[in-house]
Amino acid sequence: MTLTERKKQLSAILNRFKQARVLVVGDVMADHYVWGEVERISPEAPVPVVRVRREEILLGGAANVANNLRALGARVALAGVIGDDAIGNHLRTMLQGNAIDTAALAADGKRPTIIKTRVVAQNQQVVRVDWENADALTADQRRRLLDAIAARLPELDAIIVSDYAKGVIDKGLLDGLRLLHRRRGIPVVIDPKIRNMAFYRGFTCMTPNHHEAGQALGVKIENTPAGIHAGGRRLRRKLKLDSLVITRGEGGMSLFFGDDEVVDIPTVAREVYDVTGAGDTVIAALTCGLAVGASLHDAALIANFAAGLVIAEVGTARAEAPAVQAAIRQAKALS
């Protein structure tokens, strides 16, 4: 197949993303950015004084995954827990304004909506401040969340588990999702955290970075083809996953599937300014591809182009479908 034909093939898959119906379940949060300038050091302590110029609140965590899915054209629902507070109401309004179904997004008056405040000056992050309650859900909250997911199951083409280790995702929830996965047979793709790694067994795909993959195995994995290949094969066998995608930052990503097959995909990003939210972009595009019947390789190639757009910007960003299409058209080669 020629390069032109291959580009047309990927573009056709991306065009089908608008048919994908995807549910995101996980830790919903607000990304609060405070932008300013540093001109002096505080006389009170050896810290910079940031003169604030502007601020913004963006969808974070699982909400950012949902936002990325919408940017790619998918139909999206979000399941999780927010606080019964002003910032939670603001997030719900933002989500609904972007045509994201929030019927399975519960408000809890006993825990605040998670907020991550990043203070940025001269395009450098000065400090991050987190407001959060990472306690596990109660048994009743977990049951109601699983019931809400089960009610939507017949309408779904894929599920994303967006685990930020903030309490929503635990063994009980994953056990319930595994039963639903077996019932419906649709792809369930996991963005993991190390504390729940033992509970991801038997799902469709997982997308750790190479550090997380090493932590899951209890060893350091060198970010080299040999190190990634050996570690990835071992991790996939350990968790009995249909497939595995290890993201490697500037090294791109490595795919593990089939009968111990491995494919390395180099990054397409020209400049890396900020990796915030890049994993959310990867899992959104990858899952959209699987939801519309693309191979893991083709879905990962599209995800790689989407991630390349996001890490070239400062702050939580999303890759719009037209921009991803343009990046595919401009590609000089495809792996």
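One can find the structure itself at the top, above this paragraph.
Counting restarts for each chain: residues are numbered from 1 in the order of the written sequence. Only residues with pLDDT of 70 or above have their local features reported here, since the model is predicted, and side-chain atom pairs are shown and tallied only from 80 upward, although totals for entire chains, interfaces and linings are computed over all residues. As a rule here, side-chain values cover all heavy atoms of the structure and leave hydrogens and water aside.

As for the overall build of the protein chain
Piece 1. The secondary structure content of the protein chain amounts to 10 helices and 13 strands.
Piece 2. Since a compact globule built from 335 residues should have a radius of gyration of about 20 Å, the 20 Å found for the protein chain is in line with a globular shape.
Piece 3. Along the first, second and third principal axes, the C-alpha atoms of the protein chain reach 60 × 50 × 40 Å.
Piece 4. Of the contacts made within the protein chain by residues no fewer than 6 positions apart, 68% connect residues no fewer than 24 positions apart.
Piece 5. For the protein chain, the exposed area adds up to about 14700 Å²; of that, 51% sits on carbon and sulfur atoms.
Piece 6. Just so you know, the count uses Lys and Arg for positive and Asp and Glu for negative, and it drops His and the chain ends. In plain terms, the charge of a residue is placed at NZ if it is Lys, CZ if Arg, CG if Asp and CD if Glu. Charge centroids of the protein chain, computed over 43 positive and 37 negative side chains, lie 4 Å from each other. Helix numbers and strand numbers start at the N terminus; a helix is a DSSP run of H or I with at least 4 residues, a strand a run of E with at least 2. Two things to know: the radius of gyration comes from C-alpha atoms, and the globule rule equals 2.2 Å times the number of residues to the power 0.38. Any pair of residues with heavy atoms lying within 4.5 Å of one another is described as a contacting pair. Using the Shrake-Rupley algorithm and a 1.4 Å probe, accessible areas are obtained, with residue cover drawn only from the displayed protein chains.

Let's talk about the sheet that holds strand β5 (residues 101–108)
Piece 1. Two strands form a pair only when DSSP identifies at least two bridges running between them. A sheet is described by the order of its strands in space; here nine strands give the open sequence β5-β4-β1-β8-β9-β10-β11-β12-β13, paired in mixed fashion. At either margin of the open sheet sits one strand with a lone partner, and together these are β5 and β13 (261–265).
Piece 2. Pairing of strand β10 (residues 205–206) with strand β11 (residues 243–247) involves two bridges; the strand directions are parallel. For methionine 206, the partnering residue across the bridge sits in β11 and is leucine 244.
Piece 3. Every axis in this analysis is a line fitted to C-alpha atoms, fitted for helices over the stretch in contact. Angles between the N-to-C directions lie between 0 and 180 degrees. Relative to β5, helix α3 (residues 86–97) is tilted by about 175°, and along the sheet it contacts β4 (75–83) and β5.
Piece 4. Together, β1 (21–26), β4, β5 and β8 (158–162) form the strand contacts of helix α4 (residues 139–152), whose direction differs from that of β5 by roughly 175°.

Things to note about the pattern of salt bridges
Piece 1. By definition here, a salt bridge exists when the distance from a side-chain nitrogen of Lys or Arg to a carboxyl oxygen of Asp or Glu is within 4 Å. The tally for this structure, following the rule as stated, stands at 19 salt bridges.
Piece 2. Between glutamate 132 and lysine 166 there is a salt bridge, with its nearest N and O atoms 2.8 Å apart. You can see glutamate 132 sitting in the loop between β7 (124–131) and α4 and its partner lysine 166 sitting in the loop between β8 and α5 (171–184), a full 34 residues away along the chain.
Piece 3. The partner of aspartate 170 in a salt bridge is arginine 142, and the shortest N-O contact between them spans 2.8 Å. You can see aspartate 170 sitting in the loop between β8 and α5 and its partner arginine 142 sitting in helix α4, a full 28 residues away along the chain.

Description of the packing of helix α1 (residues 3–15) against helix α9 (residues 296–310)
Piece 1. In the contact formed by α1 and α9, the axes pass within 10 Å of each other and the chain directions differ by 85°. The angle between the axes of α1 and α9 places the two elements in the roughly perpendicular class. Every residue of α9 that contacts α1 at Arg6, Gln9, Leu10, Ile13 and Leu14 is listed here: His297, Asp298, Leu301 and Ile302.
Piece 2. The nonpolar class holds Ala, Val, Leu, Ile, Met, Phe, Trp, Tyr, Cys and Pro. Asp, Glu, Lys and Arg form the charged class, and all remaining residues, Gly among them, are polar. Broken down by class, the residue content of the contact of α1 with α9 amounts to five nonpolar, two polar and two charged. Roughly parallel refers to an angle under 35 degrees, roughly antiparallel to one over 145, roughly perpendicular to one between 65 and 115, and oblique to any angle outside these ranges.

A word on the packing of α1 against helix α10 (residues 321–330)
Piece 1. Running from amino to carboxyl end, α1 crosses α10 at an angle of 170°, the nearest separation of the two axes being 9 Å. By the angle between their directions, the pair α1 and α10 is classed as roughly antiparallel. Here α1 contributes Lys7, Leu10, Ser11, Leu14 and Asn15 to the contact with α10, which in turn contributes Ala321, Val324, Gln325, Ile328, Arg329 and Gln330.
Piece 2. A class-by-class count of the residues in the contact of α1 with α10 yields five nonpolar, four polar and two charged.

What about α1?
Piece 1. Here a helix's expected span is defined as the number of its residues, less one, multiplied by 1.5 Å. For α1, spanning 13 residues, the distance from its first C-alpha to its last is 18 Å, which sits close to the expected 18 Å at 1.5 Å a residue.
Piece 2. Exposure categories follow from relative accessible area, calculated using a 1.4 Å probe and restricted to protein chains: below 20% of the type maximum is buried, above 50% is exposed, and the middle band is partly exposed. Those residues of α1 that sit buried are Arg6, Lys7, Leu10, Ser11, Ile13 and Leu14. Buried residues of α1, viewed axially, fall in a sector of 155°; they line one side. Projecting away from the buried face of α1 at angles above 90 degrees are the exposed residues Thr4 and Lys8. Our arc is simply the arc of the directions from the helix axis toward the C-beta atoms.

Brief notes about the sheet that holds strand β2 (residues 28–41)
Piece 1. Spatially, four strands are ordered β3-β2-β6-β7 in an open sheet, and the strand pairing comes out mixed. Lying at the two open borders of the sheet, with one neighbouring strand each, are β3 (48–61) and β7. In this sheet, neighbouring strand axes are inclined to one another by 20° on average, regardless of whether the strands run parallel or antiparallel.
Piece 2. Sheet analysis places strand β6 (residues 114–121) next to β7, joined by seven bridges and oriented antiparallel. Pairing of valine 120 across the sheet is with glutamine 125, part of β7.
Piece 3. Contacts between helix α2 (residues 62–71) and the sheet are confined to β2 and β3, with β3 contributing the most and set at about 70° to the helix.

Concerning α5
Piece 1. Taking 1.5 Å per residue, 14 residues should reach 20 Å; α5 reaches 20 Å between its end C-alpha atoms and fits that length.
Piece 2. What α5 keeps buried is the set Leu173, Leu174, Gly176, Leu177, Arg178, Leu180 and His181.
Piece 3. On its buried side, α5 packs onto β1, α4, β8 and β9 (188–191).
Piece 4. With a side-chain oxygen lying 3.3 Å from the backbone nitrogen of glycine 172, the N-terminal cap of α5 falls on aspartate 170.
Piece 5. Just downstream of α5 lies glycine 185, where phi reads positive at about 75°. Between N or O atoms, a polar contact is any pair within 3.5 Å; within protein, one atom must be a potential hydrogen donor and the other a potential acceptor, and residues adjacent in sequence are included only when both atoms are from side chains.

Here's the deal with a nonpolar patch on the surface
Piece 1. Residues Val126, Val127, Val129 and Trp131 make up a contiguous nonpolar surface patch of roughly 320 Å² in combined accessible area.
Piece 2. One can find valine 129 in strand β7. Residues with no salt bridge and a relative accessible area higher than 30% make up the patches, which join like charges within 9 Å and nonpolar side chains (Val, Leu, Ile, Met, Phe, Trp, Tyr) within 5 Å.

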